[in-house]
Amino acid sequence: MRRLISLTILLCVCAAAPAAGDVVHLRNGESVEGSVSREGDKVIVTRPDGSRLTVAEGEIDRIEETETAAGAAPDTPELEPADDAADAKLELVLEKLRADSDRELNRAFAEFKAAGERAVPGLVAALKTAGADERLRAARALAEIASSSANETLRSAMADDDPRVRAEAARALGAIGSSENQPALIAAMLDDKNDDVRVAAATSLCRINGAFSIPFLVSMLSDPVLRSTVEQGLLKADNPCTASFLVPPLNSADPDTRKSAAVLLTASARASHVSMLMNLVKDKEHRRLAQAVLARLRSRKEYAVPLSITLLGDEETARTAGLFLRRAAAKDLGEDPAQWRAWWNSTIPCRIHVVPFGLVSRELVRKVAAAIQGEFKVPVAIAKPELPIPAGCRFENGQHNADAFLDVLDEYSRRNPDAMRVIGVTEADLGLPGSGYYFSPARPGGPVVVSSWRLRASESITTFQRTCIQAIHALAYSLHLPPCAVDECPYSDVFVAEDLDAKKPCGCKDCAGRIAWLIGVQRALAAWDPNAVDMFESTTVWSRGGPVLMQAAIVCEMWNEKDKAAGYWRRFVEGETDPLLAVLMKKRLELVGL
Ligand SMILES: [Zn+2]
């Protein structure tokens, strides 16, 4: 019912927008409408809501002068194509997939890739119905496009009779990279009869790099068929949980397995593995390796301090650790690790990054950044220059696939280690495959992207206010703040754009306290502070169910707290009905030794 209301209101909002004069078409395929004026080599577009956009002349493809511009851009999704139209489309796709020469085929793949999201339905149909060769090629084309709208069909293709199709589907699932594809890929890696399929599945799991898969991948180090694939893949993935699972392969009877495990431990250990490494130092077999890994960690800037603080507590290492810390801090805070930890946590560069996407009002971006800084009390950086709208992510109804934006932001956070959270800002309409529109899609514990498209009002100031409140609402969600019951609090539920007009730009007293705590947890995690584990665990008491349980499990694994992690994984999976996931969970606990 609420959804119905929201659509009606949205249609009214759209109809109320006054007709604009011109449409400016940009070289990157975007367009913007409004009245156009020039300032030097810049073109200023004043949009119907009064907001202004500045565009460099060089970015413009053409300017279309029209009186009916507003009417020419339909907001309503296109109607479902009639059946015969879908059939005709499938025929066309199959014709391209049946290309005789490599050259023709490569041209077809390039065409599919350029069409992006629009090519997916036809290829999905081909993967379900056509002959083996066409199915294989359809899977390859879907790997090129890498859209999450093909996830379900590709997962079904993991049961295809032809192993070539299964391997290609596994590759495509890795190229898409959604974490929900992990169970199907793990099952294939463990049990498929064909080695090519197993290798493809392992490669894709390393690409997805999800915490759920890591113990399965590590256990494959003992398999000669998969060993080198997994070793290389895990090295590249550099997952903070990998080292926690390496003790069993380090003790394997097989020298090749031990060697791979040693390579991975050296490369992937973090400051959080210090207690595990100290145990290994006591073990005659592994003493030299563990010492070498500790020395390597201490030589890395981001780990040297937190590691030395932990080593202050150990009789053997306290003296050299103290010396190092006094030199690094240029002051003496004594023997108490807590004092040093407080100092170190306060020096960690921890910022929220605001990333503009495509053609977006700079004023809006600045306002969002200011709202975030004011509410979260964390320095905010605005990424420059803005990122392009991801290519080929446009659905047939004109919406953009939000997953593509979130993937770009995930990659952006990996490149910016000082980013505690990343939030994209766009004016593009966002949706997910088969599920309507979103104001601000987010990955819990990960990036957020807020779109002003569905929040537009007749006055730009209202649009901006709504977008700012929606931005802090979504960021708080990604930090695991539970929803609030106070209507005027920005952290209570938002169903339609107008709900935002009743909200204040700052949280109620309860929410403000929780946000300060959640930011503190993020700081502790960034500082490799062992208290982060307890701090994160205590948020599970009042925070949202599934996502926070999964994050808690991951944090516990990062710190080698396997029993605690197993408890969270169990609780996380209890809410799941997927029988495959239940089987894999049991197996995962066995691998960890529980
Ligand atoms: Zn509140």
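Residues numbered from 1 in each chain as written. Predicted model: local features only at pLDDT ≥ 70, side-chain atom pairs only at ≥ 80, totals over all residues.

> What should I look at first to understand the overall build of the protein chain in this one?
Across its full length, the protein chain holds 27 helices and 12 strands. The C-alpha atoms of the protein chain give 26 Å as radius of gyration, which agrees with the globular expectation for 594 residues (25 Å, within 12%). If one aligns the C-alpha atoms of the protein chain with their principal axes, the spans along those axes are about 80 × 60 × 50 Å. The buried share of the protein chain, reckoned over its 594 residues, is 44%. A sequence separation of at least 24 residues applies to 63% of the contacts in the protein chain between residues at least 6 apart. (Helix = DSSP H or I, 4+ residues; strand = E, 2+ residues; numbered from the N terminus. Rg over C-alpha atoms; globule rule 2.2 N^0.38 Å. Buried ≥ 20, exposed ≤ 12 C-beta atoms within 10 Å, placed from the backbone. Contact = placed C-beta atoms within 7 Å.)

> Whenever I open this one, the nonpolar core confuses me. Can you help?
Most often, soluble globular proteins keep nonpolar side chains buried together rather than apart. Core analysis: the largest hydrophobic core is formed by 157 residues, its most contacted members being L123, A139 and I423. With 9 residues, the single largest contributor to this core is helix α25 (residues 546–558). Those residues in contact with A139 that sit more than four places away from it in its chain are L127, L154, A157, V165, E168, A169 and A172. (Core = buried A, V, L, I, M, F, W, Y, C linked by C-beta atoms within 7 Å.)

> Whenever I open this one, the pairing of strand β2 (residues 31–39) confuses me. Can you help?
Put simply, side chains in a regular strand alternate between the two faces of the sheet. Relative to β2, strand β1 (residues 22–26) is paired through 4 bridges, and the arrangement is antiparallel. Residue D22 lies in a different strand from β2, and its bridge partner there is G34. Note: β2 against strand β3 (residues 42–46), 5 bridges, orientation antiparallel. Looking at the pairing, V36 lines up with V45 of β3. (Pairing = 2+ DSSP bridges.)

> Sorry if this is basic, but what is going on with the sheet that holds strand β9 (residues 419–426) here?
Either a parallel or an antiparallel arrangement is found when strands of a sheet pair, and the pairing is made through backbone hydrogen bonds. Taking strand neighbours across the sheet as the criterion, the 4 strands line up as β7-β6-β9-β12 in an open arrangement whose pairing is parallel. Every interior strand has two partners, whereas the edge strands, β7 (380–382) and β12 (448–451), have only one. Taken over all neighbouring pairs, the strand axes of this sheet differ in orientation by 25° on average, direction set aside. Here 4 bridges tie β9 to β12, and the two strands are oriented parallel to one another. (Axes fitted to C-alpha atoms, helices over the stretch in contact; angles between N-to-C directions.)

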